[in-house]
Structures are given as structure tokens and as C-alpha cells.
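# Breakdown of the fold
The residues making up each chain are set out below.
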Amino acid sequence: MGQLVGVAPPSSGECAWLLAPLTVVPAPRCSRGCRHPPVFVVALAACTVMAGACSLAAIARGAADAPPDLLIRLGGSCREPDTGPAAPAEATVRRVLQSVDGDALDAAIGAWPAE
């Protein structure tokens, strides 16, 4: 994720192509008490995997190192205005990714336009 630090921020809506197909991937989580939307966790995981993460622990470490503007663009919420968005903890990453329907995720990734 450190590779993204020097990259210019995308314009508004530039991450929509990444997020839109992921919104149809069912992730059985209760919305009550949900700090990180599943689509945010999956999108962040996809970014860390594209940056070289190859395990759940590496995905969580990459998410923790993600720049705040990337977390915001991927749908991270700012619960504390002074601290900015928070990355999900390793347990959250593990729980969300283990609950995602793999076939639906494959179909969503297949829907991403080739850039």
C-alpha cells in the first residue's frame, strides 16, 4: 500500500467502477454494530491483494497501512473527525472475507471493466 502514497488522488467517483460490482456480493453480516461495510472491506482487500498481499494477515496489515484518502474513497467511515477513517482490524477482515460468497465475488470481479 505504500506504493499508493505518492499517487495523485483520483477525481470524485473514480473508484465507483471498483465498488459498484461489489455491492451485489452478499455478505451475511448483521448491519447492527457494523463499523465497516462489507463492500468496503472487500474493496480494501482487493487493493491490498493487487499490491501483493497473499494472506489474511497480510491483507489486514496492508489495510492498516492504507493512506486515509484511499480508505475514504473506498467507503471507509470517519467516526472520529479528528483521526480520519479507520482500517478494519484483522479479525474483521477475516470474518468478512470468510463470509463472502466466493462465486458471487468471482462474478463481481468479472464485471470489472478492463482499464
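Here's a quick rundown of the structure. Every value quoted in this text rests on a predicted model; they were computed, and no experiment measured them.

### With respect to the overall build of the protein
- Helix and strand content of the protein: six helices and zero strands.
- Taken from N to C terminus, the helices and strands of the protein fall in the order α-α-α-α-α-α.
- Scored against the burial criterion, the 115 residues of the protein give a buried share of 37%.
- Counting contacts in the protein only where the partners sit at least 6 residues apart, residues at least 24 apart contribute 76% of the total.
- With the model as given, the accessible surface of the protein reaches about 6700 Å², and the carbon-plus-sulfur share is 57%.

### Side note on helix H5 (residues 90–99)
- Residues of H5 that are buried: Thr92, Val93 and Val96. Looking straight down H5, one finds its buried side chains confined to an arc of 100°; they lie on one side.
- The inward-facing, buried residues of H5 abut helix H2 (38–50) and helix H3 (56–64).

### Examining the pattern of salt bridges
- Counted under the stated rule, the structure contains two salt bridges.
- Notably, a salt bridge pairs Arg73 with Asp69, separated by 2.9 Å at the nearest N-O pair. Here Asp69 and Arg73 lie together in helix H4 (residues 68–73), a separation of four residues that amounts to about one turn.
- Take Arg73: its relative accessible area is 25%, and that puts it in the partly exposed class.
- Take Asp69: its relative accessible area is 33%, and that puts it in the partly exposed class.

### Some words on the packing of H2 against H3
- Running from N to C, H2 and H3 point in directions that differ by 100°, and their axes come no closer than 9 Å. One element, H2, and the other, H3, form an angle in the roughly perpendicular class. For the pair H2 and H3, contact is made by Leu44, Ala45, Thr48 and Val49 and by Ile59, Gly62 and Ala63, respectively.
- A per-class count over the contact of H2 with H3 returns five nonpolar, two polar and no charged.

### Structural notes on the environment of Gly102
- Tracing the chain through its elements places Gly102 in helix H6 (residues 102–110).
- Residue class for Gly102 comes out partly exposed when judged on its relative accessible area of 38%.
- As for Gly102 and Pro26, which are separated by 76 residues in sequence, their C-alpha atoms are 9.6 Å apart.

Criteria and cut-off values
Residues numbered from 1 in each chain as written. Predicted model: local features only at pLDDT ≥ 70, side-chain atom pairs only at ≥ 80, totals over all residues. Heavy atoms only, no water. Helix = DSSP H or I, 4+ residues; strand = E, 2+ residues; numbered from the N terminus. Buried < 20%, exposed > 50% of the residue type's maximum accessible area, 1.4 Å probe, protein only. Contact = heavy atoms within 4.5 Å. Areas by Shrake-Rupley, 256 points an atom, 1.4 Å probe, with all protein chains shown as cover. Arc of directions from axis to C-beta. Salt bridge = Lys/Arg side-chain N within 4 Å of Asp/Glu carboxyl O. Axes fitted to C-alpha atoms, helices over the stretch in contact; angles between N-to-C directions. Parallel < 35°, antiparallel > 145°, perpendicular 65-115°, else oblique. Nonpolar A, V, L, I, M, F, W, Y, C, P; charged D, E, K, R; others polar.

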